[in-house]
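# Coordinate inspection notes
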Amino acid sequence: MKRRNSPKMFVAVVLLVGIASTAPAVARSALESNAREALLDMQVRIARAELAAAKARAKAAKIRAQIDALREERRLEADRRAAAQASKSTEAEVVVTPVPVERAKKVKKPKVRAPEPTPTPPPSAAPVDVDPSALDQPIPLGEADPILMVRAIMDATNIARVEHGLPALEHNAILDRAATGHARRMVESAFFSHHDPEVESLKTPSDRLGVAGAANPKAAENIITEVAIEYESGENVYVRDRKKGHFSRTADGPILPRHTYRTFAQSVVDRWMDSPGHRKNILAQDALQIGIGTAFRDERGFPTFVAVQNFQWYEPIQAKNDGV
């Protein structure tokens, strides 16, 4: 008698055969997945290595640039020393004149009770409508044209304001008067400060505006000294002829040009803009009006100007009823 297989036994065998046939496919899929992960990991490692190499190259380039800069500085210093040694055998005189932006000079003078000054309108109180081309002429030795000085410094200041999204300031003759008076006082009494050390009625910028004729002084002030020749403060300068204002960078080099009114004003305003306190005054949103005054002084043979810039804040200046 033959033994017959049951249906259940047949199904089990089919399932076993199916599982056996799919096992290699599953293994291949796992291997492929692992291979892909390994490839991705290798690509990440390569990318990281390339990034590190790029950073190392950039760092090396930066170090090389620093080394080159140091070498250039050392070379320039050697050239300066050689020039200084060579100057000892020439008749030219070498001077170095730092030009301060704002540094009060210590003046040991007893305070005196000076008579109250009676201000007189300086020429800079005149209108500042001038031919713009006149600003490109060199500043003469000695007293400069005060109207051109006012116009040049006012224009440079207003350009800086407009470039920073602020309105231009209105010119005011009373501010000119106070600024010019303070510039002259600093030259005549040999001090450099916002505070007059001798005359009580002229002590502060607002005091000076009041004396100049403002009934409602609300003042801010910038002051500076600037030479009338085009050179960098602190560099070696050879004096060729003091009386003629001839200076050069080398013993037999070309004579340094004198500032024009425009370049002088730009240099002054640039230095003010580089100083946080002065920059704040120039770019003040509350500033409404401006006035400028200058005075000439001989700074150890250098033609130098003291410049004063006055601002009226919050409200326009009202002149006193007495007409001062």
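Each remark here, short or long, concerns the structure printed above.
The paragraphs below set out a description of the structure included in this document. On a predicted model such as this, the values are computed, not experimentally measured, just so you know.

By the element assignment, Ser201 lies in the loop between α3 (173–188) and α4 (205–212). Accessibility expressed as a relative area gives 18% for Ser201, which makes it buried.

Here the focus is the nonpolar core. A general feature of soluble globular proteins is that nonpolar side chains tend to end up buried together. Core analysis: the largest hydrophobic core is formed by 35 residues, its most contacted members being Ile153, Tyr261, Val269, Ile282 and Phe311. Going through the elements one at a time, α2 (146–163), β3 (219–227), α5 (261–273), β6 (287–299) and β7 (302–313) are the ones with two or more residues in this core. Looking at which element gives the most residues to this core, the answer is α2, with 8 residues. Excluding its chain neighbours within four sequence positions, the residues that come into contact with Val269 are Ile153, Ala156, Thr157, Ala160 and Ile282. Residues Ala179, Ile223, Val306 and Val308 belong to the second largest nonpolar core, which totals 9 residues.

Let's shift gears to α5. Between its first and last C-alpha, α5 extends 18 Å over 13 residues, near the 18 Å set by a 1.5 Å rise per residue. All of the buried residues along α5 are Tyr261, Phe264, Ala265, Ser267, Val268, Val269, Arg271, Trp272 and Met273. Buried residues in α5 make contact with α2, β3, α6 (276–282) and β7.

On to the pattern of salt bridges, then. Oppositely charged side chains are able to pair whenever their charged atoms sit close together. Evaluated as defined, the whole model comprises 7 salt bridges. Note that Asp155 is salt-bridged to Arg151, the shortest N-O span being 2.8 Å. Here Asp155 pairs with Arg151, and both are found in helix α2, just 4 residues apart, close to one helical turn. Taking relative accessible area as the criterion, Asp155 reaches 22% and is therefore assigned partly exposed. A residue is classified by how much of its surface remains accessible, and Arg151, at 16% relative accessible area, is buried. Residue Glu221 pairs with Arg208 through a salt bridge whose shortest N-O separation is 3.0 Å. With Glu221 in strand β3 and Arg208 in helix α4, this residue pair connects regions lying 13 residues apart in the sequence.

It is worth spelling out the packing of aromatic side chains at this point. In total, this model carries 3 aromatic pairs according to the counting rule given. Here Trp313 and Tyr314 contribute two aromatic rings whose centre-to-centre distance is 5.8 Å and whose plane-to-plane angle is 85 degrees, an arrangement assigned as edge-to-face. The exposure class of Tyr314 is exposed, given its relative accessible area of 54%. Taken together, Phe264, Phe296 and Phe305 form an aromatic cluster joined through their ring pairs.

Pairing is mixed in the open sheet, where 4 strands are placed in the order β2-β6-β7-β3. The open sheet has two edge strands, β2 (170–171) and β3, and neither has a second partner. The pairing of β3 with β7 spans 9 bridges and is antiparallel. Of the residues in β7, the one forming a bridge with Asn222 is Gln309. The strands touched by α2 are β2, β6 and β7; relative to β6, the strand with the most contacts, the crossing angle is about 130 degrees. Strands β2, β3, β6 and β7 of the sheet are contacted by α3, whose axis makes an angle of about 25 degrees with β6.

Criteria and thresholds
Every chain begins its residue count from 1, and numbering advances along the sequence as written. Side-chain atom pairs in this predicted model are given and counted only at pLDDT of 80 or more, local residue features only at pLDDT of at least 70, and totals for whole chains, interfaces and linings cover all residues. The side-chain values count all of the structure's non-hydrogen atoms but skip hydrogen atoms and water molecules. Every helix listed is a DSSP run of H or I at least four residues long, and every strand listed is a run of E at least two residues long, numbered separately from the N terminus. Burial here depends on accessible area, computed with a 1.4 Å probe over protein chains only, as a share of the maximum for the residue type. Under 20% is buried, over 50% is exposed, and the range in between is partly exposed. Only buried residues count toward a nonpolar core. Its members are Ala, Val, Leu, Ile, Met, Phe, Trp, Tyr and Cys residues joined through side-chain atoms within 4.5 Å. Note on contacts: a residue pair is in contact if any heavy atoms of the two residues lie within 4.5 Å. Here, expected helix span is obtained from the residue count minus one, scaled by 1.5 Å. Salt bridge criterion: a side-chain nitrogen from Lys or Arg within 4 Å of a carboxyl oxygen from Asp or Glu. Aromatic rings from Phe, Tyr and Trp, with only the six-membered ring used for Trp, were paired whenever their centres fell within 6.5 Å, and each pair was classed as stacked if the ring planes differed by under 30 degrees, edge-to-face if by over 60, and tilted otherwise. What makes two strands pair is DSSP finding at least two bridges between them. For helices, the axis comes from a line fit to the C-alpha atoms of the stretch in contact; other axes are also lines fit to C-alpha atoms, and the angle between any two N-to-C directions lies between 0 and 180 degrees.

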